[in-house]
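Read off the chains here:
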Amino acid sequence: MSIAVTRPRILVTRAIFPEVAERLSEHFDVESNAADDDWSRDELLRRLQDKDGALTFGLERIDADLLARCPRLKICANMTVGYNNFDLDAMRTAGVLGTNAPDVLTETTADFGFALLMATARRVTESEHFLRAGKWTRWQYEMFSGAEVHGSTLGIIGMGRIGQAIARRAAFGFGMQVVYHNRNRLDAALEAECRATYVSKQELLKTADHVMLVVPYSKESHHTIGVAELALMKPTATLINIARGGIVDDVALAAALRDQRIAAAGLDVFEGEPKVHPDLLACSNVVLTPHIASATVGTRRAMAMLAVDNLIGYLVHGKPVTPLNAAGLVARTAV
Ligand code: DGY
């Protein structure tokens, strides 16, 4: 007589690496969005209703309403480090664990912060567009002169792991002075290791030649940079956002760029992405990329594998790797 063992059911809400899907199916019954369709909220709810876990991509709003309608759900594992798609309080109340994917993307994302800084300060994409448009007919001494990066002052807002990795690149690779602002000041040893000096947000905005945003999104960090903050920045300064859309007031930024109240911006994230505000698209002094700061094959695979580790860790062994709301969580039992 064979005993049927029910395996936990997992929903993968977007397309993913085949080896990641394969590893999941060694442990779970998996339903995947292999076609990478944009599911509506209703479609997501319908597919999630009979699932024990979900591999999510930082895009799906997991809130009280969804949790009430998905009674089997026990874990949502983001493959992203950001988790502003989770209502963690509602998840804790419902007994549903949320996990994210920290660390594995730190260095890659810091690399990209620098790529965006360099491209913005040195006007790389603007000059390439000029060349491709056939406008380069002769060399001129001031053509596409940009801002100095080496030896300048970098202001980092948000000094978590990625902020620290950026600080190290800036201080040791580019001989920059690094000032930072963070909710909590780093301890002295870490400040020394990053060669970074803690300052107020106002002082940072007034003194930095380049401002880099690496702060997580929350109600408190919404519009960290708006009209008032842009007004404090140097007219020669650049602003780089690799954090989240909504950290910057995009309309205020577009106006500041258009009126050349700051020199340039490099943006990987946007309010309401994947839509980009038309006023930003109209500015030539902004470098725009489609939320790709962590996008190398190795890193994206590692992020997805960490989400899988969390699903296996929790649903198979009862021990997630990078839980967000485990404290006080009374886990849902099988339905
Ligand atoms: C993250 O991991 O949060 C990145 O922004 C990719 O979404």
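Quick caveat: nothing in here was measured; it's all calculated off a predicted structure.

### Section: the overall build of the chain
And step 1. Along its length, the chain carries 13 helices and twelve strands.
And step 2. Taking 335 residues into account, the globule formula puts the C-alpha radius of gyration at 20 Å, and the chain, at 22 Å, falls close to it.
And step 3. Taken along the three principal axes of its C-alpha coordinates, the chain extends 85 × 50 × 30 Å.
And step 4. When burial is assessed residue by residue, the chain has 48% of its 335 residues classed as buried.
And step 5. Roughly 16300 Å² of accessible area belongs to the chain as shown, and the carbon and sulfur atoms make up 54% of that amount.
And step 6. Of note, the chain has its 36 positive side-chain charges centred 1 Å away from the centre of its 39 negative side-chain charges.

### Description of the site of the ligand
And step 1. For the ligand, the full set of nearby residues is T80, V81, G82, L105, R244, H291, S294 and M303.
And step 2. A distance of 2.7 Å separates an oxygen atom of the ligand from a polar side-chain atom of R244.
And step 3. In the environment of the ligand, an oxygen atom lies 2.7 Å from a nitrogen or oxygen atom belonging to the side chain of H291.
And step 4. Compared with its free state, where it exposes 230 Å², the ligand has 85% of that area covered by protein.

### Describing helix α2 (residues 41–48)
And step 1. If you check which residues of α2 are buried, you get L44, L45 and L48. Projected down its long axis, α2 carries its buried residues within an arc of 100°, all on one side. Opposite its buried face, α2 presents the exposed residues D42 and R46, each directed more than 90 degrees away.
And step 2. Where the residues of α2 are buried, they touch β1 (9–12), β3 (53–56) and α3 (64–69).

### Digging into the domain arrangement of the chain
And step 1. On domain assignment, one finds that the chain holds domain 1 (9–103 + 297–315) and domain 2 (106–288).
And step 2. Using C-alpha coordinates to define each centre, domain 1 is positioned 31 Å away from domain 2.
And step 3. Carbon and sulfur atoms supply 41% of the area buried between domain 1 and domain 2, which totals about 540 Å² over both sides.
And step 4. Considering only the surface of domain 1 that becomes buried against domain 2, N84, D103 and T299 emerge as the three largest contributors, covering 72% of it.

### A look at the pattern of salt bridges
And step 1. With the rule as written, the count across this model stands at 27 salt bridges.
And step 2. In this structure, D29 engages R7 in a salt bridge whose closest nitrogen and oxygen atoms are separated by 3.3 Å. In this pair, D29 sits in strand β2 (residues 29–32) while R7 sits in the segment before β1, placing the two residues 22 residues apart along the sequence.
And step 3. Residue R7 is classed as partly exposed on the basis of its relative accessible area of 29%.
And step 4. With its nearest N and O atoms 2.7 Å apart, the salt bridge here joins D50 to K51.
And step 5. Overall, the relative accessible area of 33% leaves D50 in the partly exposed class.
And step 6. Residue K51 is classed as buried on the basis of its relative accessible area of 4%.
And step 7. Linked by salt bridges that have partners in common, R9, E31, E43, R46, R47, D50 and K51 make up one network.

### With respect to the packing of helix α5 (residues 106–121) against helix α7 (residues 161–174)
And step 1. At a minimum axis separation of 8 Å, α5 and α7 run at an interaxial angle of 55°. Relative to α7, the element α5 lies oblique. Crossing of α5 over α7 shows right-handed handedness. Contacts between α5 and α7 involve T106, E107, T109, A110, D111, F114 and M118 from the first element and R161, I162, A165, I166, R169, A170 and F174 from the second.
And step 2. A per-class count over the contact of α5 with α7 returns eight nonpolar, two polar and four charged.

### Considering the state of the cysteines
Disulfides are covalent bonds that connect the sulfur atoms of two cysteines.
And step 1. Enumeration according to the criterion identifies zero disulfides in this entry.
And step 2. For C70, which is in no disulfide, the shortest distance to another cysteine sulfur is to C76 and amounts to 8.3 Å.

### Observations concerning the sheet that holds strand β10 (residues 238–241)
And step 1. Reading across the sheet, the seven strands line up as β8-β7-β6-β9-β10-β11-β12 and stay open at both edges, with parallel pairing between neighbours. Edge positions in the sheet fall to β8 (196–198) and β12 (286–288), since each of these pairs with one other strand and no more. Taken pair by pair, the neighbouring strands of this sheet meet at an average axis angle of 20°, ignoring direction.
And step 2. Looking at chain direction, strand β9 (residues 210–213) and β10 are connected through four bridges and run parallel. Residue V211 lies in a different strand from β10, and its bridge partner there is L239.
And step 3. Its contacts with the sheet put α5 on β6 (153–157), β9, β10, β11 (264–267) and β12, and the angle it makes with β10 is roughly 150°.
And step 4. Its contacts with the sheet place helix α11 (residues 250–258) against β10, β11 and β12, and it is angled at close to 145° to β11.

### Observations regarding the packing of aromatic side chains
And step 1. Using the criterion set out here, one finds three aromatic pairs in the structure.
And step 2. Look at F130 and F144: their rings are 5.0 Å apart centre to centre, the planes differ by 70°, and that puts the pair in the edge-to-face class. Taken together, the residues span a long stretch of sequence, with F130 in helix α6 (residues 124–132) and F144 in the loop between α6 and β6 at a distance of 14 residues.
And step 3. You can call F130 partly exposed: its relative accessible area is 23%.
And step 4. A centroid spacing of 5.3 Å and a plane angle of 70° characterise the contact between Y180 and Y198, whose relative ring orientation is edge-to-face. Of this pair, Y180 sits in strand β7 (residues 177–181) while Y198 sits in strand β8, and the two are 18 residues apart along the sequence.
And step 5. Above the face of the F17 ring, R301 is positioned so that its terminal group lies 5.3 Å from the ring centre.

What counts, and at which threshold
Residues numbered from 1 in each chain as written. Predicted model: local features only at pLDDT ≥ 70, side-chain atom pairs only at ≥ 80, totals over all residues. Heavy atoms only, no water. Helix = DSSP H or I, 4+ residues; strand = E, 2+ residues; numbered from the N terminus. Rg over C-alpha atoms; globule rule 2.2 N^0.38 Å. Buried < 20%, exposed > 50% of the residue type's maximum accessible area, 1.4 Å probe, protein only. Areas by Shrake-Rupley, 256 points an atom, 1.4 Å probe, with all protein chains shown as cover. Lys, Arg positive; Asp, Glu negative; His and termini not counted. Charge placed at Lys NZ, Arg CZ, Asp CG, Glu CD. Near = heavy atom within 4 Å. Polar contact = N/O pair within 3.5 Å; in protein donor to acceptor, adjacent residues only side chain to side chain. Arc of directions from axis to C-beta. Contact = heavy atoms within 4.5 Å. Domains from an automatic or database assignment. Buried area = accessible area lost by both parts, 1.4 Å probe. Salt bridge = Lys/Arg side-chain N within 4 Å of Asp/Glu carboxyl O. Axes fitted to C-alpha atoms, helices over the stretch in contact; angles between N-to-C directions. Parallel < 35°, antiparallel > 145°, perpendicular 65-115°, else oblique. Left-handed = near helix turned anticlockwise from the far one by under 90°. Nonpolar A, V, L, I, M, F, W, Y, C, P; charged D, E, K, R; others polar. Disulfide = S-S within 2.5 Å. Pairing = 2+ DSSP bridges. Phe/Tyr/Trp six-rings, centres within 6.5 Å; stacked < 30°, edge-to-face > 60°. Lys NZ or Arg CZ within 6 Å of the ring centre and 35° of its normal.

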